[in-house]
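These are the residues of each chain, in order.
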Amino acid sequence: MASTPYDHFRFVLVRTSHSGNIGSAARAIRTMGFDRLTLVAPNRFPDPEATALAAGADDVLGEAVVVDDLVGGLAGTTFALGLSARRRGVNIPELDPREGAAQAIAAARRGEQVALVFGNERTGLENDELSRCHAMVRIPSVDDFSSLNLSQAVQVVAYEIRTALLAGEVAPAVGAGDVDPDEVPADAEQVERFFTHLGETLDDIEFHKGRSPVTIMLKLRKLFLRARPELRELRILHGILADAQRMAQLAHKDRD
């Protein structure tokens, strides 16, 4: 059976404090035709309050995936949008929900797996979590009372995506077997392995020289997430980094 764009969306809730919000979010996405929910380090789950507020969306809760961190929550995805009520110090593109829906649908129709990432009820997404996303979606609420309930934010985004899908043809998404895996953007785990290798290499070649490693890595994250490298491109970059590390080791031996 051919998949549809609906099958390519994952709603990711990060560090959810109140289990009732998990249930309400499950209900919100189920009413819009989605069923994939990932929970990153929830405070309590499973929990009776989640089941009660899901109001019958038991299938979504029953299939929810629970992981320890956002890297695990993004595993297998190639495009991620992070929801934030406030403008953050992370310099990534900012979209409204309609723009975000359009970009997410375009990725889904290319056969990509898309993550919609929502933060903790009190603090939202932290900067390091938002830096793992390709863009930020900000719901244009009023400035003096901008924070929506978590499940309300989930409902807004799910509604925008469904509305956009219904406005056009809900065409089948490209199947995994129809695309050369080397020609699609690398998934989140592969990109994170590259960033780890990049950070280690910059240390090995003593690149920073008093500059802030955190600032440099945030800028490089933005660069490579914008580029959305394919897996074969990451292999080339890994090879370059490995050679740079080898040369650094030789230089250290010569100095010793």
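Residues numbered from 1 in each chain as written. Predicted model: local features only at pLDDT ≥ 70, side-chain atom pairs only at ≥ 80, totals over all residues. Heavy atoms only, no water.

Caption draft 1: Spotlight on the pattern of salt bridges. Within the structure shown, the criterion is met by 11 salt bridges. One salt bridge connects glutamate 129 with arginine 15, and the closest N-O pair in it is separated by 2.9 Å. With glutamate 129 in helix α6 (residues 127–130) and arginine 15 in the loop between β1 (9–14) and α1 (19–31), this residue pair connects regions lying 114 residues apart in the sequence. A relative accessible area of 10% means that glutamate 129 is categorised as buried. With a closest N to O distance of 2.9 Å, glutamate 192 and arginine 221 form a salt bridge. With glutamate 192 in helix α8 (residues 188–204) and arginine 221 in helix α9 (residues 213–227), the pair connects residues that are 29 residues apart, well separated along the chain. (Salt bridge = Lys/Arg side-chain N within 4 Å of Asp/Glu carboxyl O. Helix = DSSP H or I, 4+ residues; strand = E, 2+ residues; numbered from the N terminus. Buried < 20%, exposed > 50% of the residue type's maximum accessible area, 1.4 Å probe, protein only.)

Caption draft 2: Focus on the pairing of β1. Counting buried residues in β1 gives six out of six residues, a clear majority hidden from the surface. By the alternation rule, side chains of β1 split into Phe9, Phe11 and Leu13 and Arg10, Val12 and Val14, which are all buried. Here β1 runs beside strand β6 (residues 114–118); their pairing, made up of five bridges, is parallel. Paired with leucine 13 across the bridge in β6 is phenylalanine 118. Pairing geometry for β1 and strand β2 (residues 37–40), over four bridges, is parallel. Its bridge partner lying in β2, valine 14 is registered against valine 40. (Pairing = 2+ DSSP bridges.)

Caption draft 3: Structural context of the sheet that holds strand β5 (residues 94–95). With parallel pairing, the seven strands of this open sheet are ordered in space as β3-β2-β1-β6-β4-β7-β5. Looking at strand neighbours, the two that pair on one side only are β3 (65–67) and β5, the edges of this open sheet. Relative to β6, strand β4 (residues 79–83) runs parallel, the two sharing four bridges. Looking across to β6, one finds that glycine 82 is bridged to valine 117.

Caption draft 4: Local environment of the environment of valine 90. In this structure, valine 90 sits in the loop between β4 and β5. For the pair valine 90 and proline 213, spaced 123 residues apart in the sequence, the C-alpha separation amounts to 15 Å. Residues in contact with valine 90, not counting those within four places in the same chain, are Asn127, Leu130 and Ser131. (Contact = heavy atoms within 4.5 Å.)

Caption draft 5: Quick look at α9. Look at α9: 21 Å from first C-alpha to last across 15 residues, which is about the 21 Å you get at 1.5 Å a residue. Listing the buried residues of α9 in full gives Ile216, Met217, Arg221, Phe224 and Leu225. With its buried residues spanning 155° around the axis, α9 presents them on a single face. Away from its buried face, by an angle of more than 90 degrees, α9 presents the exposed residues Lys219 and Arg226. In the core, the buried residues of α9 are packed alongside α8 and α10 (231–255). With its phi angle positive at about 50°, arginine 228 sits one or two positions after the end of α9. (Expected span 1.5 Å × (residues − 1). Arc of directions from axis to C-beta.)

Caption draft 6: Region of interest: the side chain of glutamine 190. Looking at the secondary structure, you find glutamine 190 in helix α8. Not counting residues within four places of it along the chain, the set of residues in contact with glutamine 190 comprises Leu231 and Leu234.

Caption draft 7: Highlighting the environment of arginine 27. With respect to the helices and strands, arginine 27 occurs in helix α1. You can call arginine 27 partly exposed: its relative accessible area is 47%. Measuring from C-alpha to C-alpha, the distance between arginine 27 and valine 65 comes to 16 Å, with 38 residues separating the pair along the chain.

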